[in-house]
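Residue-level structural notes
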Amino acid sequence: MSLPRDPDHDLDRLLADDGGELTALYRRLPKAEPPRRLDRSVLGEAARAVRGYTPRRQRWLLGVGSAAGIVLAAGIAWHVGQDAVRHEAQGEMPVQSAPAAPSRNQNYVPVQPLSEPAAKHAPPMAQDAVGAAAPAAAPPPAAAKPVPRKAGARAKDVAPPLAQPATPPVAPPPAAAAAAPAAEAFPAQTQRQEAEAATGAARAGAAAESDLMAKERLDDKALRTRAAPAPPSSSVELRRDMQLAPEDWLAHVRQLLHQGRRQQAIESLRLFRKAHPRHPLPDELRALLD
Amino acid sequence: MLAYAGGDLLAFETLYRRHRGTLYRFLLRSLRHRADADELFQECWSRLVAARERYRPDAKFTTWLLQIAHNLVIDRFRRQRPQASPEETETVLRNLDAPDSEQPERALSEFEQRRRLQLALEDLPEEQRVAFLLRVEGGLGLEEIGEITGAGRETVKSRLRYALARIRARFQT
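Residues numbered from 1 in each chain as written. Chains lettered and ligands numbered in written order. Predicted model: local features only at pLDDT ≥ 70, side-chain atom pairs only at ≥ 80, totals over all residues. Heavy atoms only, no water.

Counting its regular elements, chain B contains nine helices and zero strands. Per-residue burial for chain B yields a buried fraction of 52% across its 173 residues. Expressed as a percentage of contacts within chain B between residues at least 6 apart in sequence, the contacts between residues at least 24 apart total 69%. In the structure as shown, chain B presents an accessible area of about 8400 Å², 48% of it carried by carbon and sulfur atoms. (Helix = DSSP H or I, 4+ residues; strand = E, 2+ residues; numbered from the N terminus. Buried < 20%, exposed > 50% of the residue type's maximum accessible area, 1.4 Å probe, protein only. Contact = heavy atoms within 4.5 Å. Areas by Shrake-Rupley, 256 points an atom, 1.4 Å probe, with all protein chains shown as cover.)

Taken as a whole, this structure holds 21 salt bridges over all chains when the rule is applied. Between A:Glu237 and A:Arg261 there is a salt bridge, with the nearest N and O atoms lying 2.8 Å from each other. On the criterion of sequence distance, the pair formed by A:Glu237 in helix 12 (residues 234-241) and A:Arg261 in the loop between helix 13 (246-258) and helix 14 (262-275) is long-range, its members being 24 residues apart. On the accessibility criterion, A:Glu237 (8% relative accessible area) is buried. Looking at A:Arg261, the relative accessible area reads 30%, which means it is partly exposed. The shortest N-O distance in the salt bridge between B:Glu112 and B:Arg116 comes to 3.1 Å. Residue B:Glu112 and its partner B:Arg116 are located together in helix 6 (residues 104-123), separated by four residues, close to a single helical turn. With relative accessibility at 24%, the residue B:Arg116 sits in the partly exposed group. Several salt bridges converge on common partners, so that one network encompasses A:Glu33, A:Asp39, B:Arg20, B:Arg25, B:Arg29 and B:Glu137. (Salt bridge = Lys/Arg side-chain N within 4 Å of Asp/Glu carboxyl O.)

Let us now look at the nonpolar core. Buried together is how nonpolar side chains tend to be arranged in soluble globular proteins. Formed by 64 residues in total, the largest nonpolar core has its most connected members in B:Phe12, B:Leu27, B:Trp45 and B:Phe132. Examining the composition of this core, we find that 10 residues originate from one element, helix 2 (residues 9-31) of chain B, more than from any other. Mapping this core onto the domain boundaries places at least three of its residues in each of domain 1 (1-84) and domain 2 (107-173) of chain B. Core analysis: the next-biggest nonpolar cluster, separate from the first, contains 16 residues, A:Met242, A:Trp249, A:Val253 and A:Phe272 among them. (Core = buried A, V, L, I, M, F, W, Y, C linked by side-chain atoms within 4.5 Å. Domains from an automatic or database assignment.)

This part covers the interface of chain B and chain A. Listed by partner, the interface residues are 47 residues for chain B and 39 residues for chain A. Summing both sides of the interface, chain B and chain A together bury roughly 4100 Å²; the carbon and sulfur share of this comes to 62%. Counting the surface chain B buries against chain A, the share from its top three residues, B:Arg135, B:Leu164 and B:Arg168, is 14%. Connecting chain B to chain A are five salt bridges. Taking the shortest distance from any N to any O, the salt bridge between A:Asp39 and B:Arg20 comes out at 2.9 Å. At the junction of chain B and chain A, the tally comes to 18 residue pairs in polar contact (both at pLDDT 80 or more). Elements represented by at least two residues in the side of chain B that touches chain A include exactly helix 2, helix 3 (34-50), helix 6, helix 7 (126-136) and helix 9 (153-172) of chain B. Of all the elements, helix 2 of chain B adds the most residues to the side of chain B that touches chain A, at 11 residues. (Buried area = accessible area lost by both parts, 1.4 Å probe. Polar contact = N/O pair within 3.5 Å; in protein donor to acceptor, adjacent residues only side chain to side chain.)

Residue and element names in this part refer to chain B. One can find Val130 in helix 7. Under the relative-accessibility criterion, Val130 is labelled buried at 2%. Sequence separation between Val130 and His70 is 60 residues, and the spatial gap between their C-alpha atoms is 7.9 Å. Ignoring anything within four residues of it in the chain, the contact list for Val130 reads Phe26, Ser30, His70, Phe77 and Thr149.

Quick look at the structure:
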């Protein structure tokens, strides 16, 4: 390598677009690169900075959003718990919680154990009806209303118990064992229902089946209504909005307007204004704030 | 950078991959210690992340990045005087491995050239070295170097001229 000896010429070569001979030599020096741990560290920090980004003045919204989220979660859990209790009361209680049932809810729990004896004592035809009703009876949730039963309704009331073997085939001995204490707790009622079930089971089978299906339809509808995802609360939505890029956020506001959710759109836009005070607002959106 | 300031992490990753090598080499050759270069490299990106909303596209991103790096380097110089001994410099040079893809005969002469350039860079006064590195590593012009170092155009030219003279002297010995 021969470097030019004139300092000005040397400088001109260095400042030329290609950088001259010296720059070329410099580029042949070992290309030191940062270690990977630094890459990870820097990229991680950048990601945390973006994810955790909230304007300071809006941090209280996070708290409100979190509290709303917790309340929502607790509400859902409570509903699910209630559904489970109703579900158990309707179909699976004898297996899982019959021993505790008599002292807890005497209005409807005793009906569950009756199914077992009723099915046992029913004639073969009734047993067939039981078998036929079983698959359809799998999801009978909230039909168990704690209303005292009347004598005239007994024949039909046998229907839910008839459907109970949907669970017992899986574990008949525990079901029978679990049914016993509850049956003992209401001997007179049990005997009366047993007798009625034995004489009327065959006749009640078909009617019970149709009755049951109607109930199931109602219950399914109720369940669907309950299980449908609740629209996210306002603060939760706002919290989500804050994670959006400015342009996406504005697009979301427009979408809310198109959906007719004007109030939510205004709230979101106000928040946007605070989060991005320097970001220009389209005229139609600015009009919302005026 | 504007995209990243708006929350686009992918934009930052692109930016980072494009400039990480330049920044790291600028720091390593300015500071001559890997540990220092590692530390300031991380610090530099941290400051950039923290200042992302203040970024204005008036200047090139490279200039902005190297401005942060230069400030950190100058702070470190001030704290570290006196400078590293020639023995330490040799240690750094030994740690910088040559590329594997070179022919043995040619590699020897090129190695010698690179070694001389490295030694010349090590021997340069800080201001001249920084100006030279901003030019050859960052690809910056006189105005941009002056903006970063806070010196006038003629001062920058003078520093570069002196730097080149010292490097040339190293090649003539």
